[in-house]
Every structure is written in C-alpha cells, then in structure tokens.
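Here is how the chains run, residue by residue.
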Amino acid sequence: MAKTKTTIPNYGTVTRKGIQYFRTRITDADGKRVDLYAPTCEELYEKETEARKQVEDTIYRRKNPTVAEYCESWLEMQSAKVSSATIRGYSFTMKKYIIQPLGDMYMSDVTTDDIRLALIPVSKKSTAVYATVNMLIKCIFYSAERNQLLKCNPSANISAKGGIPIKEKDALTDDQIKTLLDAVRGLRPYVFIMIGLYSGLRREEILALQWDCVFLDVKTPYISVRRAWRSDHNRPVVNTILKTPAARRDIPIPPCLTACLKEVKETSHSEYVISDDNGNPLSYAQFQRLWKYVTVRSVKPRNYYKYVNGQSIKYTVTPLAGCHQKNNPNIEYTIDFDVTPHTLRRTYITNLLYAGVDPKTVQYLAGHENSKTTMDIYAKLKYNKPEELLNVVNAAFGQREKAQNDPDF
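Residues numbered from 1 in each chain as written. Predicted model: local features only at pLDDT ≥ 70, side-chain atom pairs only at ≥ 80, totals over all residues. Heavy atoms only, no water.

Quick notes on the sheet that holds strand β5 (residues 222-225)
Just so we agree on the cut-off: Two strands pair if DSSP finds at least two bridges between them. In this text, helices come from DSSP runs of H or I with a minimum length of four residues, and strands from runs of E with a minimum of two, each type numbered from the N-terminal end.
With antiparallel pairing, the 3 strands of this open sheet are ordered in space as β4-β5-β8. The open sheet has two edge strands with one neighbour each: β4 (214-215) and β8 (249-252). Where β5 meets β8, 4 bridges bridge the pair, whose relative direction is antiparallel. Note that in β8 the partner of Tyr222 across the bridge is Pro252.

Observations concerning the sheet that holds strand β2 (residues 19-27)
Inclusion rule: Each axis is a line fitted through C-alpha atoms, and for a helix only the stretch in contact is used; angles between axes span 0 to 180 degrees, taken between their N-to-C directions.
Spatially, the 3 strands line up as an open sheet ordered β1-β2-β3, and their pairing is antiparallel. Each edge of the open sheet is held by one strand with a lone partner, namely β1 (12-16) and β3 (33-38). Across the sheet, the mean angle from the axis of one strand to that of its neighbour is 45 degrees, orientation sign disregarded. Summarising the sheet, β1 and β2 pair through 5 bridges and their orientation is antiparallel. Across the sheet, the residue bridging to Gly12 is Arg23, located in β2.

Some details on helix α7 (residues 189-199)
Selection criterion: Each residue gets one of three labels from its accessible area relative to the maximum for its type: buried under 20%, exposed over 50%, partly exposed in between, using a 1.4 Å probe on protein chains only.
The buried count for α7 comes to 10 of 11 residues, which makes it a mostly enclosed element. Within the span of α7, buried status applies to Pro189, Tyr190, Val191, Phe192, Ile193, Met194, Ile195, Gly196, Leu197 and Ser199. Looking at the residues trailing α7, positive phi occurs at Gly200, about 70 degrees.

Here we look at a nonpolar patch on the surface
So the rule is basically this: Each patch is assembled from residues with relative accessible area greater than 30% and no salt bridge, linking like charges that lie within 9 Å and nonpolar side chains (Val, Leu, Ile, Met, Phe, Trp, Tyr) that lie within 5 Å. Residue exposure ignores everything except the shown protein chains as possible cover, and the areas themselves are Shrake-Rupley values with a 1.4 Å probe. What counts as a salt bridge is simple: a side-chain nitrogen of Lys or Arg found within 4 Å of a carboxyl oxygen of Asp or Glu.
A cluster of nonpolar residues, Tyr304, Val308, Tyr315 and Val317, forms a patch on the protein surface that exposes about 340 Å² of accessible area. Those elements giving two or more residues to the nonpolar patch turn out to be β9 (302-308) and β10 (311-317). The residue Val317 is located in strand β10 in this model. Exposure remark for Val317: the relative accessible area of 40% places this residue in the partly exposed category.

Focus: the confidence of the model for the protein chain
Any residue range with low pLDDT should be treated as having predicted coordinates unsuitable for detailed reading. Which entries qualify depends on this criterion: As a per-residue quantity, pLDDT reports the predictor's confidence and falls between 0 and 100.
Confidence along the protein chain averages 87 in pLDDT terms, with 90% of residues attaining 70 or more. Predicted confidence in the protein chain is weakest over helix α14 (residues 386-405), with a mean pLDDT of 64, and strongest over β5, with 98.

Details of the environment of Thr240
For clarity, the cut-off: In this description, contact between two residues means that some pair of their heavy atoms is separated by no more than 4.5 Å.
In this fold, Thr240 is placed in the loop between β7 (235-239) and β8. Note on Thr240: relative accessible area 60%, which makes it exposed. Remark: the alpha-carbon pair of Thr240 and Ala208, spanning 32 residues in sequence, is separated by 9.4 Å. Excluding anything up to four places from it in sequence, Thr240 contacts Arg226 and Arg227.

Overview of unusual backbone geometry
The phi torsion at Lys17 lies on the positive side, around 55 degrees, for a residue other than glycine. Within the secondary structure, Lys17 sits in the loop between β1 and β2. Look at Asn234: it is not a glycine, yet its phi comes out positive at around 70 degrees. By secondary structure assignment, the location of Asn234 is in the loop between β6 (228-232) and β7.

Observations regarding the pattern of salt bridges
In total, this model carries 12 salt bridges according to the counting rule given. The shortest N-O distance in the salt bridge between Lys262 and Asp217 comes to 4.0 Å. In this pair, Lys262 is assigned in helix α9 (residues 255-267) and Asp217 in the loop between β4 and β5, connecting sequence segments 45 residues apart. The class for Lys262 is partly exposed, based on a relative accessible area of 37%.

Here's the deal with the pairing of β10
Each regular strand displays side chains that alternate between the two surfaces of the sheet. One ladder, built from 7 bridges, connects β9 with β10; its direction is antiparallel. For Lys306, the partnering residue across the bridge sits in β10 and is Ile313.

Regarding the packing of aromatic side chains
For any pair of aromatic rings, the description consists of the separation of the ring centres together with the inter-plane angle of the planes. The condition is simple: To pair, rings of Phe, Tyr and Trp, with the six-membered ring standing in for Trp, must have centres within 6.5 Å; the planes then decide the type, stacked if under 30 degrees apart, edge-to-face if over 60, and tilted in the middle. When the NZ atom of lysine or the CZ atom of arginine is within 6 Å of a ring's centre and also within 35 degrees of its normal, the charge is said to sit over that ring.
Inspection of the entire model under this criterion finds 5 aromatic pairs. Here Phe192 and Phe287 contribute two aromatic rings whose centre-to-centre distance is 5.2 Å and whose plane-to-plane angle is 55 degrees, an arrangement assigned as tilted. In this pair, Phe192 is assigned in helix α7 and Phe287 in helix α10 (residues 284-295), connecting sequence segments 95 residues apart. Given the relative accessible area of 1%, Phe192 is considered buried. Judged by its relative accessible area of 3%, Phe287 is buried. Over the ring of Tyr37 we find Arg16, and its NZ or CZ is 4.3 Å from the ring centre.

Structure representation (structure tokens):
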C-alpha cells in the first residue's frame, strides 16, 4: 500500500537579522497567537505539527486532568485562603492517601468504587485521619464538578464515618493539676502550663502572647487575645490572623495566674511572655524541647534502640512512678497520666462547665464559633466516677429529705 504523500503548506517568509525564515502562526492553549519560525518549509511543518499536538494535549489535559494534576491545582487555589502549614498538611495527606492510589487516573474515570477501595487502608487509621482524607476527597471532586470537569460526582455517596475511634483525652483532675505543676515548677514550661490551665488559650495563642496584651495592674486582670503563632519551616510566624473571628477575646484571669505573670514580667527582657534566650518567639523545634520537660517526667513506656553485633535492637523501658532518672537524678517520674498542650485548654473549659458557667459564656472564653462546639466537645464532667459524685448526690437528696422531714425548712 502506497504511503500518502504529505503536502507541505506554502508558508510565508520573513527576514530576521538578514536571514530569511519561513513563518506561520498558531493559537496556543491559552488562546494567544504564537509565531513559529524555521529555515525550511519541511522543518516548519514538523515544528507546527508538534506544537499543535502539544496544544491539543494541553487542552485535553485541562478538560480531563488526572487526580494528581487536579490535586496540585486545588492546593494552589487553596494557598490564597489558608496558612502554609495547613497546605503542607493537606499536601502530605493527599500524596499518601489520595494520589498514591488514584493519582494516575483521569478525574472523569474515577468511580465511587475506586474511592471506596482507596479508603480501605485509611479506615485502619484514626477517625481524625479518615475524616481529613474524606474531606479532601469531597472537596476535590465537588470542585471538579463545579468547574464542569465531571458529569457525576463519585464522592457524593461516600460516608464520612470511618477509621478507628480515638480515645478522648480527659480533662485533668485537681490532683493531676497539682502533680503537673509540682513536676515543672521553676522549669521552662511552667508559665506555658499556667496560662493554658487558667486562661484556656490555644497553643498558638500562648506562644504569640505579648506583654502589651497582658493587663495585670487593673481592677480585673485579663489577657487580650489578638495574635496567633504558626510555624513555617520551623520558623515562627506571629500575626493577627486568628483561628476564627471568635478567637479575638478578652479573658479575665484568676489571682494565681496574675501572680505568676507578674513575677515573670519583672525579669522578662522580651516583648513575648514566652520567648527564647534572644527574646524571640519560639520555633516549633524549640517548643518541642520546652514540652519535653513534661514528657521526660512521665511514666509512659519509652523505646530505645541499640546496635548489637551490627543489628538495631529495640528496648522498651517503663519508668516507675516516684523513681529518678539514672542519668539525671533531678528528674523524677511523677506524671502518671496523659497530658498534651491541648489537655490544658480542655481542663480549663471543662472546669468552667463543671462550675456551672453557662455555655454562651464558656463559648466566648474559649473562643469557639458556636456553643454547640463547646457542648459537644467539652460537656463532660471532670468528676464522672460514682465515688466522686457521691457528695453531689447526697447533697441534692439530703436537702430534699430535710425539707420533707422538717416543716419549718
């Protein structure tokens, strides 16, 4: 069979710097006119053919992107609205749980079953991880649907429930608060813990707190939340962009915290309440080292690795409460309960609720957007064991019995 002879167009010519070229124009994927040049018609024809193919491919890929390509575009669009730290978190989660199983597929080819299969490994993670992955999948496919890249959204019927339930961390009891404060008294995290326990500030609010927002010499001492701390590649970034508009609030503080902050302010050489040795806000790594003062005093099991005959051997050591660390006798293992920076805030809000403070007031002090968040997360009494509630029950029914038996009551 004879091959069809290619007809080379008669291109126009143009002289550039004394040299004659053949020239043609094409429209690129963005609708702009682009000039193409070549010394011969044959070369220009090949150049034009390749350029038109690239334009067609680009237009097709824009209308039919792969999951990986659209995830990248979606992240770029979100970068104008959310912090860089959030974008990094989204990017990590997408690469591991969305792009890895679905990335090479075209968005239009993804089915509901494909998404369900991709979520099987995620279902073995925590509910928090599952919820984040589920949220990202829905955001991506709903966005593609709105941009008319999909006729049907395959994520519409995917359940938001899944993953292994996370055990909710309890608020600290009064005894645990005393143990924690005694363990770190005079150490670097003491002020951070006091602020968390007695003002309920978030970690990013405590680390961004400056003395111009701490009012100690007034009739009602209070802290004004106006700034937030974030970490960008381990560098601290402090600005006025708070988590929500409701995070902007003024919080009255009790005498114990007032006295603590007055003592710190007398020796402070920084505009920040909590700072590094140079007076600057802490980096993420510096905060981790600060919190390690707490973790090293915990009785939680620790894993160590030693090389024996060229092999890495894992050892697990469980400290005993009341004992001291061998390498540093000043460290005593006294913290026999779970505590994180967020536990301090949870304890503050739980104690407010337990004291009978109305949800709207707690909502304001906590900086929550609505009271439902306050009640859903924190409306769990600190003293929830029968033996701890005995006095409350006896007091309630004792008063009733007294009223029934004593006519003059």
